[in-house]
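Observations on chain architecture
Okay, here's what each chain looks like letter by letter:
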Amino acid sequence: MTVYFIGAGPGDPELLTLKAARVIGECPVCLYAGSLVPEAVVACAPDDALVMDTAPMTLDDTHRVIVAAHTKGQDVARVHSGDPSLYGAIAEQIRRLKADGIAYQIIPGVPAYAAAAAALGTELTVPEVAQSIVLTRMSMKSTGMPEGETLANFARTGATLAIHLGIRALREIERQLAPYYGEDCPVAVIYRVGWPDQMIIRGTLMDVREKVRAAKITRTALILVGPALNDSHGFPDSALYDAAKPHVLRPRVKPDI
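About the thresholds
For every chain, the first residue of the written sequence is number 1, and numbering continues from 1 along that sequence. Note on the predicted model: pLDDT of at least 70 is required for a residue's local features to be given, and 80 or more for side-chain atom pairs to be given and counted; whole-chain, interface and lining totals, by contrast, use all residues. Calculation of side-chain values draws on the structure's entire complement of heavy atoms; hydrogens and water are dropped beforehand. Any two strands are treated as partners once DSSP identifies two or more bridges connecting them. Helix and strand assignments follow DSSP, with helices taken as H or I runs no shorter than four residues and strands as E runs no shorter than two, numbered in order from the N terminus. Geometry is summarised by axes, namely lines fitted to C-alpha atoms with helices restricted to the contacting stretch, and by angles between N-to-C directions that run from 0 to 180 degrees. Relative accessibility decides the category of a residue: with a 1.4 Å probe and only protein chains considered, values under 20% of the type maximum give buried, values over 50% give exposed, and everything between is partly exposed. The term nonpolar core refers to a set of buried residues drawn from Ala, Val, Leu, Ile, Met, Phe, Trp, Tyr and Cys, joined through side-chain atoms within 4.5 Å. Any two residues whose heavy atoms approach within 4.5 Å at even a single point are treated as in contact. Here a cavity means grid points, on a 1 Å grid over the protein atoms only, where a 1.4 Å probe fits yet cannot get out; a pocket means an open set of points with protein on both sides within 12 Å along at least five of seven lines; lining residues are those with an atom within 4 Å of a point. Grid points are joined across faces, edges and corners, and a volume is the space filled by probe spheres set on the points. The residue classification treats Ala, Val, Leu, Ile, Met, Phe, Trp, Tyr, Cys and Pro as nonpolar and Asp, Glu, Lys and Arg as charged. All others, Gly included, are polar. Stacked, edge-to-face and tilted labels apply to pairs of Phe, Tyr and Trp rings (six-membered ring for Trp) whose centres lie within 6.5 Å, assigned for plane angles under 30 degrees, over 60, and everything in between, in that order. Over a ring means this: the NZ of a Lys or the CZ of an Arg is within 6 Å of the ring centre and within 35 degrees of the ring normal.

So, about the sheet that holds strand S1 (residues 2-7). Spatially, five strands are ordered S3-S2-S4-S1-S5 in an open sheet, and the strand pairing comes out parallel. With partners counted over all chains shown, the strands left at the sheet margins are strand S3 (50-53) and strand S5 (103-107), one partner each. Neighbour to neighbour, the strand axes of the sheet diverge by 15° on average, direction disregarded. In this structure, strand S2 (residues 29-32) lies alongside S3, joined through four bridges in parallel fashion. Considered in S3, the bridge of Leu31 is made with Met52.

Here we come to unusual backbone geometry. Even without being a glycine, Glu128 presents a positive backbone phi close to 60°. One can find Glu128 in the loop between helix H4 (112-120) and strand S6 (133-137). Backbone geometry at Thr220 places phi at a positive 50°, although glycine is not the residue there. Taking relative accessible area as the criterion, Thr220 reaches 25% and is therefore assigned partly exposed.

This part takes up the pairing of S1. For S1, the buried fraction is high: six of the six residues fall into the buried class. Along S1, one buried face is formed by Thr2, Tyr4 and Ile6 and the opposite face, lined by Val3, Phe5 and Gly7, is buried too. Taken together, the five bridges between S1 and S5 define a ladder with parallel strand orientation. In the strand pairing of S5, Phe5 is matched with Ile106.

Among the nonpolar cores identified, the biggest contains 26 residues, and Leu161, Ile163, Ile173, Leu177, Val189 and Val225 are the most heavily contacted of them. In terms of residue count, the dominant contributor to this core is helix H6 (residues 170-181) (four residues). In contact with Ile173, other than residues within four places in its own chain, are Met138, Leu151, Ile163, Gly166, Leu205 and Ile223. Listed in part, the 19 residues of the second largest apolar core include Tyr32, Val37, Ala77 and Ile107.

What follows concerns the layout of surface pockets. Here the largest pocket defines a volume of roughly 1600 Å³. Elements that contribute at least two residues to the lining of the largest pocket include exactly helix H2 (59-72), strand S4 (76-80), helix H3 (91-99), H4 and strand S10 (221-225). Of the residues in the lining of the largest pocket, the class split is 24 nonpolar, 18 polar and eight charged.

Take the packing of aromatic side chains next. Applying the stated criterion to the full structure yields one aromatic pair. Arranged with centres 6.2 Å apart and planes meeting at 70°, the rings of Phe5 and Tyr104 form a pair that is edge-to-face. Taken together, the residues Phe5 in strand S1 and Tyr104 in strand S5 connect sequence positions 99 residues apart. When its relative accessible area of 0% is taken as the criterion, Phe5 is described as buried. Its end group placed over the ring of Trp195, Arg192 keeps NZ or CZ at 3.9 Å from the ring centre.

Structure, rendered in structure tokens:
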């Protein structure tokens, strides 16, 4: 018996990996985070499978279901949104599985920041503009952030920031980031990326808060911040396809004589 932690992607059932769809279709027990994972994602579960929405359940509740499946030798599909390695709360589940000697595997999924970049039609790492992405979140009412992991510290790098759980803290985000990025730094707020009601709001650190308020978005949104989001930014071509910079798979191009 194995518990499969499955990344469901951001919401679009078609972004489910082939492996994830196959495993969900084979497991007699399926637990999914219904507040973040659409039912359509787990529609491929067997007709006679036990399919449970874990949104109203506690960690103890879900573990009891897994232990019961373990005693019956039934595999469990534990379906999380995005990629389970990012804010998936799987570490605490794995700790319990290890304590009870229950095997598990992790099947990665499309993370929200990647789906958001696709929805925006942009690249998050632009030559000589931003070559790093910081995945972080606001603490708000959730678990506190470790000392040193502050927006201001990340902002000093100039990297592209992907901020989770921050839609109600836009004023604080502006306060911490504006001194480093400038008030005119581009911001994109992507609400429920991959869902039918997906919404994209573009703005700057100075005006995005009012735009979000007007759209009445209060949850389930990812915030991207950084100069890489500036479509008009003059940046050089990367070295990847530069004819003047050969590599092992592409020898130097000889000039015509």
